[in-house]
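Below, each chain spelled out in residue letters.
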Amino acid sequence: MTISSLPLSYCTNVHPGRNLAEVEEGLDRFTLPIQANYGSELAAGLWLAAPVIRELEQTPDRLSRFADGLQRRGLSCYTLNAFPYGDFHSARVKENVYLPDWVQPERLEYTLGCARCLAAFLPEGIDGSISTVPLGFKPFQHPVGFADQCADQLIKLAQGLNQLRDQTGRIIRLAIEPEPFCEIETTDETIRFFERLRSRAADAGALTEVQSFIGMCYDVCHQAVEFEDVAASIRSLVAADIRINKLHLSCAIEVSRPGSNSETLAALSRYVEPRYLHQTFARSAAGQILRYVDLDQQLTSAPFPDFRDAPMWRVHFHVPVDAEQLGPLGTTRRDLKIALGVIPELDYAPHLEVETYTWEVLPGGGTPNLIDGFTRELLATRSLLERFQEKCGVPRA
């Protein structure tokens with residue numbers, strides 16, 4: 001039994017990072033004060049958008065200076081978020097975050113660039129991970145054979161990561177992140193795609209590379225929104241020999257009996273916002289899962305009868321992971337605790353990262369509260385982890 005003893009990571013996609021200057025400003029303005037409040041070593045789970053990767057790779061000197069800057073700030077980095085390719089802080093991100101998808105060569109090139117950069121500042125003796133989009137967005141129109149084309153691109157990536165290991169000695173693994181309304185969203189879909197990927201990899205003579213370098217990012221919020229049994233989900237992935245390279249510590253909004261509580265729906269309406277996609281699911285009394293692509297005023301003011309009558313809704317809105325309640329709204333924090341209770345059953349330790357990127361769009365949130373809010377999240381998460389580490393006999397960091 002094991003759980004990661006690496007410094008807890010938090011994802012910097014919460015900060016603007018359209019260029020290298022913005023990335024470094026975010027580290028100085030937010031990450032360093034958060035680390036000071038946290039009171040112990042903190043890892044930066046960097047989001048480096050495609051323009052930033054291009055800046056870093058313009059010259060070897062630029063990449064080495066950035067790596068030196070991380071060390072100078074006392075920050076480590078062992079994982080990157082390569083899910084958002086471009087501007088994750090524009091006025092409207094929504095479904096654009098899934099572009100380019102894994103058929104498009106830009107996605108492969110960008111991810112390999114992320115791997116090369118991570119290899120340059122990965123701590124000695126530590127393996128790296130990179131999370132990525134789950135192939136594409138289901139409502140988009142895709143070409144015939146889309147999943148096979150994605151698999152072929154991922155095989156090329158695995159071969160590239162194998163070459164990078166030979167060149168640098170650094171092991172960096174991809175973590176495909178299932179998400180609601182994407183081509184891979186449920187545990188069953190994840191398992192089926194990995195079966196397809198491995199079959200094509202075997203035909204291409206690249207099964208060893210795929211097995212070694214391609215796994216998944218388990219975002220607890222995402223699977224909770226799908227109303228999955230998180231413990232059973234993780235154990236199914238283990239049984240299918242799908243490596244969980246990264247665990248996103250995240251919570252979703254939970255709404256109990258919305259149809260009989262106007263106060264609850266009024267509170268939920270405050271979470272309707274124009275930047276990010278907030279896929280909303282309901283579970284009927286009969287156990288049927290109902291789906292709505294994005295939380296909007298229509299759903300919160302006059303929900304369709306089947307949604308209105310469902311005893312529970314869950315909304316893909318990353319909310320602070322220390323919160324059990326948000327006024328009259330609940331959260332899926334208990335699913336996070338369940339996930340952390342199951343992860344020690346693995347014979348390896350996935351990277352652990354807090355990913356609450358929505359601080360600037362939370363009702364009553366915004367930049368002034370971000371440092372204090374992240375500090376509370378991280379301290380609460382550290383407290384949870386210490387309990388599980390003690391059970392596993394892992395020394396405290």
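Quick note: structure is the one above.
Please read these numbers as outputs of a predicted model, since none were measured by experiment.

What counts and how
Residues numbered from 1 in each chain as written. Predicted model: local features only at pLDDT ≥ 70, side-chain atom pairs only at ≥ 80, totals over all residues. Heavy atoms only, no water. Pairing = 2+ DSSP bridges. Helix = DSSP H or I, 4+ residues; strand = E, 2+ residues; numbered from the N terminus. Buried < 20%, exposed > 50% of the residue type's maximum accessible area, 1.4 Å probe, protein only. Axes fitted to C-alpha atoms, helices over the stretch in contact; angles between N-to-C directions. Contact = heavy atoms within 4.5 Å. Core = buried A, V, L, I, M, F, W, Y, C linked by side-chain atoms within 4.5 Å. Expected span 1.5 Å × (residues − 1). Polar contact = N/O pair within 3.5 Å; in protein donor to acceptor, adjacent residues only side chain to side chain. Phe/Tyr/Trp six-rings, centres within 6.5 Å; stacked < 30°, edge-to-face > 60°. Lys NZ or Arg CZ within 6 Å of the ring centre and 35° of its normal. Parallel < 35°, antiparallel > 145°, perpendicular 65-115°, else oblique. Left-handed = near helix turned anticlockwise from the far one by under 90°. Nonpolar A, V, L, I, M, F, W, Y, C, P; charged D, E, K, R; others polar.

Asker: Help me understand the sheet that holds strand β13 (residues 329-331), please; the structure alone is not making it clear to me.
Answerer: Within a sheet, neighbouring strands are paired by backbone hydrogen bonds and run either parallel or antiparallel to one another. In spatial order, the strands read β10-β9-β11-β8-β13-β12; together these six strands make up an open sheet with antiparallel pairing. Both edges of this open sheet fall to β10 (289-292) and β12 (325-326), since each of them pairs with a single strand only. As defined by bridge partners, strand β8 (residues 251-256) adjoins β13 across two bridges and the pair is classed as antiparallel. Counterpart to E254 in the pairing with β13 is G330.

Asker: What's the story with the pairing of strand β11 (residues 312-319) in this structure? I'm lost.
Answerer: Walk down a regular strand and you will see the side chains alternate between the two sheet faces. Burial analysis of β11 places eight of its eight residues in the buried class, the great majority of the element. Burial of the side chains of β11 extends over both faces: M312, R314, H316 and H318 are buried on one face and W313, V315, F317 and V319 on the other. Sheet analysis places β8 next to β11, joined by five bridges and oriented antiparallel. Note that in β11 the partner of E254 across the bridge is R314. When strand β9 (residues 280-283) meets β11, the two strands line up antiparallel, connected through four bridges. The residue of β11 that forms the bridge with T280 is V315.

Asker: Could you clarify how one ought to interpret the pairing of strand β7 (residues 244-249) in this entry?
Answerer: Most of β7 is tucked away, with six of its six residues classed as buried. With four bridges joining them, strand β6 (residues 214-219) and β7 adopt parallel strand pairing. Bridged to M216 within β7 is I244. The pairing of β7 with strand β14 (residues 351-354) spans four bridges and is classified as parallel. Bridge pairing links K246 to H351 in β14.

Asker: What exactly am I supposed to notice about the sheet that holds β7 here?
Answerer: Here eight strands make up an open sheet; going across it, the order is β2-β1-β14-β7-β6-β5-β4-β3 and the pairing parallel. Bordering the open sheet on either side are β2 (43-45) and β3 (79-81), each of which pairs with just one other strand. Ignoring which end each strand starts from, the neighbouring axes of this sheet average 30 degrees apart. Summarising the sheet, strand β1 (residues 9-11) and β2 pair through three bridges and their orientation is parallel. Along β2, the bridge assignment pairs S9 with A43. Across the sheet, helix α4 (residues 105-121) is in contact with β3, β4 (128-132) and β5 (172-176); its angle to β4 comes to roughly 155 degrees. Contacts from helix α9 (residues 230-239) reach β6 and β7 within the one sheet, and its direction differs from that of β6 by about 175 degrees.

Asker: Which parts of the structure should I look at to understand the side chain of D335?
Answerer: Along the chain, D335 turns up in helix α13 (residues 333-342). Take D335: its relative accessible area is 6%, and that puts it in the buried class. The contact partners of D335, leaving out residues within four places of it in the chain, are V220, A224, E228, V230 and R314.

Asker: What should I look at first to understand the environment of Q35 in this one?
Answerer: Looking at where Q35 falls in the secondary structure, it is placed in helix α1 (residues 20-38). Taking the C-alpha atoms as reference, Q35 lies 27 Å from G113; in sequence the two are 78 residues apart. In contact with Q35, other than residues within four places in its own chain, are S40, E41, L42, R73, G74 and L75.

Asker: What exactly am I supposed to notice about the nonpolar core here?
Answerer: It is characteristic of soluble globular proteins that their nonpolar side chains tend to be buried jointly. With 133 residues, the main nonpolar core has L46, F121 and I253 as its most contacted residues. Here this core takes nine residues from helix α5 (residues 146-168), the largest share from any one element.

Asker: How do you make sense of α1 when you look at a structure like this?
Answerer: Three- or four-residue spacings in an α-helix give side chains the same orientation, since the helix completes a turn every 3.6 residues. For α1, with 19 residues, the first-to-last C-alpha span of 25 Å sits near the 27 Å given by 1.5 Å per residue. All of the buried residues in α1 are L20, E22, V23, G26, L27, F30, T31, I34, Q35 and Y38. A side-chain oxygen of the first residue of α1 lies 3.2 Å from the backbone nitrogen of A21; this N-cap is N19. Where α1 terminates, the next one or two residues include G39, which has phi positive at roughly 85 degrees.

Asker: Got a minute to help me understand the packing of aromatic side chains in this structure?
Answerer: Any pair of aromatic rings gets described here by the distance separating the centres and the angle formed by the planes. Taken as a whole and assessed by the stated rule, the structure comprises 17 aromatic pairs. When the ring of F181 is compared with that of F281, the centres are 5.9 Å apart and the planes differ by 80 degrees; the resulting orientation is edge-to-face. Taken together, the residues F181 in the loop between β5 and α6 (187-203) and F281 in strand β9 connect sequence positions 100 residues apart. On the basis of relative accessibility, which here comes to 11%, the residue F181 falls in the buried class. Put simply, the rings of W47, F88, Y276 and Y357 pair up and form one aromatic cluster. Here R382 stacks its cationic end above the ring of Y38, 4.5 Å away from the centre of that ring.

Asker: Would you explain the environment of P305 in this entry?
Answerer: Within the secondary structure, P305 is located in helix α12 (residues 305-309). Sequence spacing of P305 and G259 is 46 residues, and the spatial spacing of their C-alpha atoms is 8.8 Å.

Asker: Explanation requested: the packing of α5 against α6 in the structure shown.
Answerer: How two helices pack is summed up by the angle between their axes together with the distance between the axes. Two numbers describe how α5 lies on α6: the axes approach to 9 Å, and their chain directions differ by 60 degrees. Here α5 lies oblique to α6, going by the angle between them. Pair α5 / α6 crosses with right-handed handedness. Across from A147, D148, A151, D152, L154 and I155 in α5, the residues of α6 making contact are F193, R196, L197, R200 and A201. Taken together, the residues that form the contact of α5 with α6 break down as seven nonpolar, no polar and four charged.

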